[in-house]
Amino acid sequence: SLSGGGCFSSRLVLFPSLPPGPVSFGFPLQPQAVAASPGATPVFRKFISVTCKGGKRQAATMSHAKQTRVLLLNDMEKLDKTLFRLEQGFELQFRLGPTLQGKHVTVSTNYPASGEVFDRHKFRSLSWHNPTGKEDDSDKYCRLDLQISGSYQYYFSHEGQKSGGGYIVVDPILRVGADNHESPLDCVTLQTFLTKCLGPFDGWEDRLRVAKESGYNMVHLTPIQKLGLSRSCYSLADQMEVNPDFSTPNKKCSWNEIGKLVEKMKNEWNMLCITDVVYNHTAANSEWITQHPECTYNLVNSPHLKPAWLLDRALCHLTYKVAGGKCSDKGVPPLIENEHHLNCIRKIMYEDVYPKIRLWEFFQVDVNKAVQQFKTLLTQVGGSKVKTDPSQHLAIIQDPQFKRFGCTVDMNIALNTFIPHSNGPAAIEECCNWFRKRIEELNGEQYRQTNYHQEQAVNCILATVNYERLASHGPKLGAITRKNPIVTRYFTYPFKELTLEEEEIMMHQPDKGSYFMAHNGWVMGDDPLRNFAEPGSNVYLRRELICWGDSVKLRYGNKPEDCPYLWAHMKKYTELTAKYFHGVRLDNCHSTPLHVAEEMLAAARSVRPNLYVIAELFTGSEYIDNVFVNRLGITSLIRGTKKCNSHAWKD
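As the structure is a prediction and not an experimental result, all values here were calculated from the model.

K.L.:
What exactly am I supposed to notice about the sheet that holds strand β26 (residues 519-522) here?
P.N.:
Adjacent strands of a sheet pair through backbone hydrogen bonds, lying either parallel or antiparallel. Taken together, three strands build an open sheet; the order of strands is β23-β27-β26 and the sheet is antiparallel. Looking along the sheet, the strands with just one partner apiece sit at the ends: β23 (281-283) and β26. In this sheet, adjacent strand axes meet at a mean angle of 60° when their direction is disregarded. When β26 meets strand β27 (residues 546-553), the two strands line up antiparallel, connected through four bridges. Directly across from W522, in β27, lies its bridge partner I546.

So this is what it looks like as structure tokens:
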């Protein structure tokens, strides 16, 4: 619900506590029915400690008891999509299920040993305890004394082979007040403030006090950093610099000043404060990416995007024509008002744009060049060739630089497939003709595949135009102009506008191509575990991206060594945030590479162990949600309770 002072309230949906199961020893807790998904088996068992007085055993009260959870291990049971949420102070026991009884099993985890620092890549084996000394495995267990919040992985193996595993999530403990008393997780009530609407920092305390007096116990501030040109709350120009709008001529707002206010809210108001971390993109006008273009998806490190970039430029040039009234004679005036105009755009795409840019050529083989190479190899003395697997068929090998007709085929497969019946000129010519015919067939397949992508691209383009200019629930952008193009650009273009043919030449020049950077966005219905900008994805070519034209997608690679500057930059940003705030909101979590978020949150928890983590996570699947929750140690998910149709609220 909207309220004054540039803020809105959010409802946090916390994961429900784990249901209690049957008790195997000690005094049982009150039994409760367990509702489970079809085929699901409750694997946790719950215990409380007992005390002995006067020879009588008494159950300890729940409020002061040390609780134990038992996780039964079963062979080949992979539980990475199952959430096990635990509290600090719990003891977790791993016990062998029926399928592992009698086997030599080793349990390993990356939960750190006492006194050690957490390293998610470092695993240690747990020792087995056998309190009764029985020869069988019925009473054997290994245990963890859970004292540190976060996400931890375990796996178990026997005979040198991993045979199962999963994750455990240990909740943080939130503390407030001068006495540092605990604030229960299940009682979090949070209000979000749009910091860009809060004005100079010296007025923040009065504005934030409204949340305190309204009964909230947590405040979420949207990013406090310097914003990009669009002024969107989540398009950050500099992750390290506080937004200069918060300063006044007499006083500069700094991280320290904000940190002092956050601590005052905690100690005097009993309120915690969190802010966002944005890992997936940066503002298109961020200065640091011009110095380190390798941190983005550009045409040098991601040449598979070249066809999509050329289509994007063609759409820009079409925008210029339509805006200048040069397409009115073809049925497309600057102001799009009806379905007929949309159909005319489709016609222009098929009759003018696609034939001009010939995208299929980036996926095809130069037939004459390939035939000449084949003929040369065929006529060499003895027709030397390397034997190939008979099951391998001739196929196009994509040119890694994506140049027109740059693709090739495996000539060894060709020589083992097309064999002349003699060494005579006629036989060789006939063999070359058969080879030519097959290459033309393969090129035809590439043409049809590209045409399939182009058809989807047109559908997406027209759907966007329809929503932005015709739909009653759309923003009604009005006439097509350079500022409001036919569709949002998918790539940056920081150079002088040239003809499309001249721009294509720049596409292959490293000093230019590295600055043609892919914008970020989201893909409706896509697999959240897949990176849509990586090779193998055609999202940009098919125009399936709901594009944020003010932000550039960041390219981390698989490990810090793949892009050292970006990993170091974002780690420093994360540590700075964790230093001054009690928790973070993971923006665009579903599109952030999991291994990146894992590394960054580990860095944040090294600064603030009891870090509260909430996430903007929309995967469309409870099980995929659990993958993110498990690997990142997410405490809470945000779920919308009311949609706002105001386009002024898009940021």
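K.L.:
Just checking my understanding: could you explain unusual backbone geometry for this structure?
P.N.:
Excluding glycine, residues mostly have negative phi values, and the peptide bonds linking residues are mostly trans. Backbone geometry places F402, a non-glycine residue, at a positive phi of 50°. Mapped onto the elements of the fold, F402 is located in the loop between β24 (396-397) and β25 (408-409). The class of F402 is buried, set by a relative accessible area of 10%. Despite not being glycine, N588 shows a phi value in the positive range, around 55°. Positionally, N588 belongs in the loop between β28 (583-586) and α12 (594-607).

K.L.:
What's the story with the packing of aromatic side chains in this structure? I'm lost.
P.N.:
To describe a pair of aromatic rings, one takes the distance between the centres and the angle between the planes. Taken as a whole, this structure holds 23 aromatic pairs when the rule is applied. Between W204 and F246, the aromatic rings sit 4.7 Å apart at their centres with planes inclined by 70°, giving edge-to-face as the arrangement. Within this pair, whereas W204 is found in helix α1 (residues 204-213), its partner F246 is found in the loop between β21 (236-242) and α2 (255-269), the two being separated by 42 residues in sequence. In terms of burial, W204 and F246 fall into one category: buried. Between F374 and F418, the ring centres sit 6.4 Å apart and the planes meet at 85°, which makes this aromatic pair edge-to-face.

K.L.:
How should the nonpolar core be read in this particular structure?
P.N.:
In this structure, M349, I357 and Y540 are the most contacted members of the largest nonpolar core, which totals 50 residues. Of all elements in the fold, only α4 (306-323), α5 (339-357), α8 (425-470) and α9 (500-507) reach the threshold of two or more residues within this core. Among residues more than four places away in sequence, those in contact with M349 are L311, L315, L318, Y354, P355, V458 and I461. In terms of nonpolar packing, the next biggest core, distinct from the first, is built from 43 residues, Y279, A578, L586 and L611 among them.

K.L.:
Explain the side chain of H582 to me, please; I cannot follow it from the model alone.
P.N.:
Turning to its location among the elements, H582 is positioned in the loop between α11 (564-580) and β28. Apart from the residues lying within four places of it in its own chain, the contact partners of H582 are V262, E263, K266, L272, C273, I274, R608, N610, L611 and Y612.

K.L.:
What exactly am I supposed to notice about the packing of α11 against α12 here?
P.N.:
Two quantities define a packed helix pair, namely the angle between the axes and the distance from one axis to the other. Packing of α11 against α12 brings their axes to within 8 Å, and their N-to-C directions diverge by 40°. Viewed along their axes, α11 and α12 adopt a mutual orientation that is oblique. The way α11 lies across α12 gives a crossing that is right-handed. Residues W567, M570, K571, T574, E575, A578 and K579 of α11 lie in contact with α12, whose contacting residues are H595, V596, E599, M600, A603, A604 and V607.

K.L.:
I tried to follow the packing of α4 against α9 on my own but got confused; where do I start?
P.N.:
The geometry of α4 relative to α9 is characterised by a closest axis approach of 11 Å and an angle of 155° between their N-to-C directions. In terms of orientation, α4 lies roughly antiparallel with respect to α9. You can see that α4 and α9 cross each other, and the crossing is right-handed. From α4, K306, W309, L310, R313, A314 and H317 reach across to α9, where they touch L500, E503, E504 and M507. Of the residues belonging to the contact of α4 with α9, the class tally is five nonpolar, one polar and four charged.

Quick notes on the rules
Residues numbered from 1 in each chain as written. Predicted model: local features only at pLDDT ≥ 70, side-chain atom pairs only at ≥ 80, totals over all residues. Heavy atoms only, no water. Pairing = 2+ DSSP bridges. Helix = DSSP H or I, 4+ residues; strand = E, 2+ residues; numbered from the N terminus. Axes fitted to C-alpha atoms, helices over the stretch in contact; angles between N-to-C directions. Buried < 20%, exposed > 50% of the residue type's maximum accessible area, 1.4 Å probe, protein only. Phe/Tyr/Trp six-rings, centres within 6.5 Å; stacked < 30°, edge-to-face > 60°. Core = buried A, V, L, I, M, F, W, Y, C linked by side-chain atoms within 4.5 Å. Contact = heavy atoms within 4.5 Å. Parallel < 35°, antiparallel > 145°, perpendicular 65-115°, else oblique. Left-handed = near helix turned anticlockwise from the far one by under 90°. Nonpolar A, V, L, I, M, F, W, Y, C, P; charged D, E, K, R; others polar.

Taken by themselves, the reported measurements are silent on function.
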